[in-house]
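Each chain is listed here by its residues.
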Amino acid sequence: MRFVGLDLSMRATGLVILDHDGDVLLRRRIGVPATVRPCRTVHQRINYFADLGHDLLTEIQEVCGEQAHDVSQTAIAVEDYAVHGPGDPTIGPELGGIVRLKLIRFARLHEVPPSSLKSFATGTGNAV
């Protein structure tokens, strides 16, 4: 069994993969530098989100190997939508929807409220 945690973000999506003992197999930030704005148009934005979803799925499959093809062997926790967060309120749901669409065929998805994500992932609310 593998456990995957995702903190979706425009600039630096957090990805962590743990084995069944809780040992970290992969910890990575995926995204673009803050100075790059790949989303000036709707076409650029949707393509960027699709590429991010593809990159995440590729990373997960590379680490999980054969387990990556068995939905029962991989669980993914995704930070739920922060509806009162800063910035454009449409960006988060678009990004989240496209990434979820890519991943839902691959594994069981669990949405975790932003207020309890660290506690869910580590058992403590002050994880870094």
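Refer to the structure printed above.
Every value quoted in this text rests on a predicted model; they were computed, and no experiment measured them.

Cut-offs applied
Once a new chain begins, its residue numbering starts again from 1 and follows that chain's sequence as written. Totals for whole chains, interfaces and linings use all residues, but because this is a predicted model, local features are given only for residues with pLDDT of at least 70 and pairs of side-chain atoms are given and counted only at 80 or more. Side-chain figures throughout are based on the complete set of non-hydrogen atoms in the structure, without hydrogens or water. Secondary structure is summarised from DSSP: a helix means a run of H or I of at least four residues, a strand means a run of E of at least two, and numbering begins at the N terminus for each. It only takes one pair of heavy atoms within 4.5 Å for two residues to be counted as in contact. Pairs of strands are assigned from DSSP output, requiring at least two bridges between the strands. Where helices are involved, their axes are fitted lines through C-alpha atoms of the stretch in contact, as for all axes, and angles between N-to-C directions lie from 0 to 180°. Three labels apply to residues, based on accessible area from a 1.4 Å probe with only protein chains included: buried if under 20% of the type maximum, exposed if over 50%, partly exposed otherwise in between. One less than the number of residues in a helix, times 1.5 Å, gives the span that helix is expected to have. Working definition: a ring pair exists when centres of Phe, Tyr or Trp rings (six-membered ring for Trp) sit within 6.5 Å. Plane angles under 30 degrees give stacked, over 60 give edge-to-face, the rest tilted. By definition, a salt bridge exists where a carboxyl oxygen of Asp or Glu is found within 4 Å of a side-chain nitrogen of Lys or Arg.

*Asks:* Sorry, what's going on with the environment of I30 here?
*Replies:* Take I30: it is sitting in strand β3 (residues 24-30). Separated by 26 residues in the primary sequence, I30 and L56 place their C-alpha atoms 7.8 Å from one another. Beyond its immediate sequence surroundings of up to four residues, I30 is in contact with R11, A12, T13, L15, L52, D55, L56 and E59.

*Asks:* Honestly, the sheet that holds β3 in this entry has me stumped. Any pointers?
*Replies:* Strands in a sheet are paired, the pairing made by backbone hydrogen bonds, and the direction either parallel or antiparallel. Read across the open sheet, the five strands follow the order β3-β2-β1-β4-β5; overall the sheet is mixed. Either end of the sheet is taken by a strand with one partner, and the two such strands are β3 and β5 (108-112). Across the sheet, the axes of successive neighbouring strands diverge by a mean angle of 15°, strand direction being ignored. Where strand β2 (residues 13-18) meets β3, six bridges bridge the pair, whose relative direction is antiparallel.

*Asks:* Which parts of the structure should I look at to understand the pairing of β2?
*Replies:* It is a general feature of regular strands that their side chains alternate between the two faces of the sheet. Of the two faces of β2, only the one carrying T13, L15 and I17 is buried; G14, V16 and L18 on the other face are not. Bridge analysis of strand β1 (residues 2-7) against β2 gives five bridges, and the strand direction is antiparallel. Bridge pairing in β2 links D7 to G14.

*Asks:* For this particular structure, what's the right way to read helix α2 (residues 91-104)?
*Replies:* Each full turn of the α-helix corresponds to 3.6 residues, which orients residues three or four apart in the same direction. With 14 residues, α2 should reach 20 Å at 1.5 Å per residue; the first-to-last C-alpha distance of 20 Å fits that figure. The set of residues buried in α2 consists of I91, L95, G96, I98, V99, R100 and L103. Next to the buried residues of α2 lie β1, α1 (42-64), β4 (74-79) and β5.

*Asks:* Honestly, the environment of G92 in this entry has me stumped. Any pointers?
*Replies:* Relative to the elements of secondary structure, G92 occurs in helix α2. The spacing of G92 and L8 is 84 residues in sequence and 8.0 Å in space, taken between C-alpha atoms.

*Asks:* Explanation requested: the packing of aromatic side chains in the structure shown.
*Replies:* For any pair of aromatic rings, geometry is given as the distance between the ring centres together with the angle between the planes. Scanning the model with the defined rule gives one aromatic pair in all. For the pair Y48 and F49, a centre-to-centre distance of 6.1 Å together with 55° between the ring planes defines the contact as tilted. Taking relative accessible area as the criterion, F49 reaches 0% and is therefore assigned buried.

*Asks:* What is the right way to look at the pattern of salt bridges in this model?
*Replies:* Pairing is possible between side chains that carry opposite charge, provided their charged atoms lie close to one another. Tallied over the full model, the rule gives three salt bridges. Its salt-bridge partner being E94, residue R45 comes within 2.4 Å of it at the nearest N-O pair. With R45 in helix α1 and E94 in helix α2, this pair connects stretches of sequence that are 49 residues apart. The exposure class of R45 is buried, given its relative accessible area of 15%. On the basis of relative accessible area, E94 is assigned to the partly exposed category, the value being 23%. Across the pair E111 and R100 runs a salt bridge whose closest N-O atoms are separated by 2.7 Å. You can see E111 sitting in strand β5 and its partner R100 sitting in helix α2, a full eleven residues away along the chain. Taking relative accessible area as the criterion, E111 reaches 45% and is therefore assigned partly exposed.

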